Amino acid sequence: MRWLTLICVTLCLAGESRAQDVHVPASVIAGAEATISTTGSGNATLYLLGPGLSRKSEVSLGTDVQLSSQELRNAGHYLVVLCSGVCRSANFYVSAAPAATLAFLVHPSRVAVSQGDAVSGVALAFDRYRNLVLAPANISFQIRAGSILLLSKSSRTQDGVAWFRTASGTSAGIVQATATLDDLSARRALQQVASDPCNLRISGQRTSTGILVQTEPVRDCSGNPVTDGTIVTFTASGASGKSTVDAPIKQGVAQAQMKASGAVSLSAASGVVMGNEVRIGAQP
């Protein structure tokens, strides 16, 4: 009799578990409504767990359970558990809605001209609920200096991210970087500045207080005026020894007043660039 009772209980539970079940949608888009269907009869407790969501509700088996768009705003994995004596579970995934905004970052904001792989950018697409859009998409990148196109490239997103890396242009000034996805676009500006001085040339003349030495307009190898504030080191070498003066570039040139009464040789350097040498005779 005891074995018969155990078999009966087991069959009854098995029959109950077969009668009770939960079915979830195959796919859901963030912000859309969805329906969960149940089978069986009687009452049950339904649990819904997902990103930023925890819900418990009493339901009638054999009826549909409506999930609101507010509950399904966040993309990710969701778990549904239906309990009535025994528990059944199912899970589904909520995908991001179509892209609504485009985040675009460019580094650095200030870069020297003619530098290889010096500029990089990354773009990420988000839906209206701030979910990262993981579905592959082509994002177009452009960099312009006025009407001159410096870069035009299309990159396909990987895990929601697209990026580029490129050399800086040859002209100092503001350039505009743009990322475009369908009818969405984002723009960033970066400053291209002159590179290191190139072909540094100086001249010198005697004055009542010593020697005035100055550079010609200082430019980089692409012809851009070197940024004011760049330091030029002047050196005067003569019989009495060597002296140096550091002078910043102002309005394109650097100059310094050096004290020297005898014959001297003048030279200049800025960074790794050496200028020409000038000889000044002794003071009459």
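About the criteria used
Residues numbered from 1 in each chain as written. Predicted model: local features only at pLDDT ≥ 70, side-chain atom pairs only at ≥ 80, totals over all residues. Heavy atoms only, no water. Buried < 20%, exposed > 50% of the residue type's maximum accessible area, 1.4 Å probe, protein only. Helix = DSSP H or I, 4+ residues; strand = E, 2+ residues; numbered from the N terminus. Pairing = 2+ DSSP bridges. pLDDT = per-residue confidence, 0-100. Contact = heavy atoms within 4.5 Å. Axes fitted to C-alpha atoms, helices over the stretch in contact; angles between N-to-C directions. Disulfide = S-S within 2.5 Å. Salt bridge = Lys/Arg side-chain N within 4 Å of Asp/Glu carboxyl O. Polar contact = N/O pair within 3.5 Å; in protein donor to acceptor, adjacent residues only side chain to side chain.

**Focus: the pairing of strand β11 (residues 119-126)**
Part 1 of the argument: In terms of burial, β11 is a largely internal element, six of the eight residues being buried.
Part 2 of the argument: With seven bridges connecting them, strand β9 (residues 101-107) and β11 associate as antiparallel partners. When the sheet's bridge partners are listed, Ala103 is paired in β11 with Leu124.
Part 3 of the argument: Here six bridges tie β11 to strand β14 (residues 161-166), and the two strands are oriented antiparallel to one another. Its bridge partner being in β14, Val122 is matched across the sheet by Trp163.

**Regarding the confidence of the model for the protein**
Part 1 of the argument: Averaged over every residue, the pLDDT of the protein is 89; residues scoring 70 or more account for 93%.
Part 2 of the argument: Ranking the helices and strands of the protein by mean pLDDT puts β11 first, with 97, and helix α1 (residues 2-19) last, with 38.
Part 3 of the argument: In the model, residues 1-18 has pLDDT below 50 throughout and makes five contacts with residues more than four positions away in sequence or in other chains.

**Quick word on the sheet that holds strand β10 (residues 110-112)**
Part 1 of the argument: The strand order β10-β16-β15-β12-β13 describes an open sheet built from five strands, whose pairing is mixed. A single partner strand is all that each edge strand has here, and the edge strands are β10 and β13 (148-156). Geometrically, the sheet is characterised by an average inter-axis angle of 25° between neighbouring strands, direction not taken into account.
Part 2 of the argument: Bridge analysis of strand β12 (residues 138-145) against β13 gives eight bridges, and the strand direction is antiparallel. Across the sheet, the residue bridging to Ile143 is Leu151, located in β13.

**Structural notes on the state of the cysteines**
Part 1 of the argument: Within the structure shown, the criterion is met by two disulfides.
Part 2 of the argument: Between Cys83 and Cys87 runs a disulfide, and the two sulfur atoms are separated by 2.0 Å. Between Cys83 and Cys87 the disulfide shows an S-S torsion of about 110°. By sign, it is right-handed.
Part 3 of the argument: Looking at Cys87, the relative accessible area reads 47%, which means it is partly exposed.
Part 4 of the argument: Each sulfur in the disulfide pair Cys198 and Cys221 lies 2.3 Å from the other. Between Cys198 and Cys221, the S-S dihedral sits near 85°, and the bridge is therefore right-handed. Here Cys198, found in strand β17 (residues 197-198), pairs with Cys221, found in the loop between β20 (219-220) and β21 (231-238); they are 23 residues apart in sequence, far enough to count as distant.
Part 5 of the argument: Of the residues examined, Cys221 reaches a relative accessible area of 64% and is grouped as exposed.

**Remarks on the pattern of salt bridges**
Part 1 of the argument: Throughout the structure, instances matching the rule amount to one salt bridge.
Part 2 of the argument: Between Glu71 and Arg55 there is a salt bridge, with its nearest N and O atoms 3.0 Å apart. In this pair, Glu71 sits in the loop between β6 (64-67) and β7 (76-84) while Arg55 sits in strand β5 (residues 53-60), placing the two residues 16 residues apart along the sequence.

**As for the side chain of Thr38**
Part 1 of the argument: Inspection of the secondary structure assignment puts Thr38 in strand β3 (residues 34-39).
Part 2 of the argument: Residue classification places Thr38 among the buried residues on the basis of a relative accessible area of 6%.
Part 3 of the argument: Of the polar contacts made by the side chain of Thr38, one reaches the backbone nitrogen of Gly62; its length is 2.9 Å.
Part 4 of the argument: Within the structure, Thr38 has its side chain in polar contact with the backbone oxygen of Thr63 (distance 2.8 Å).

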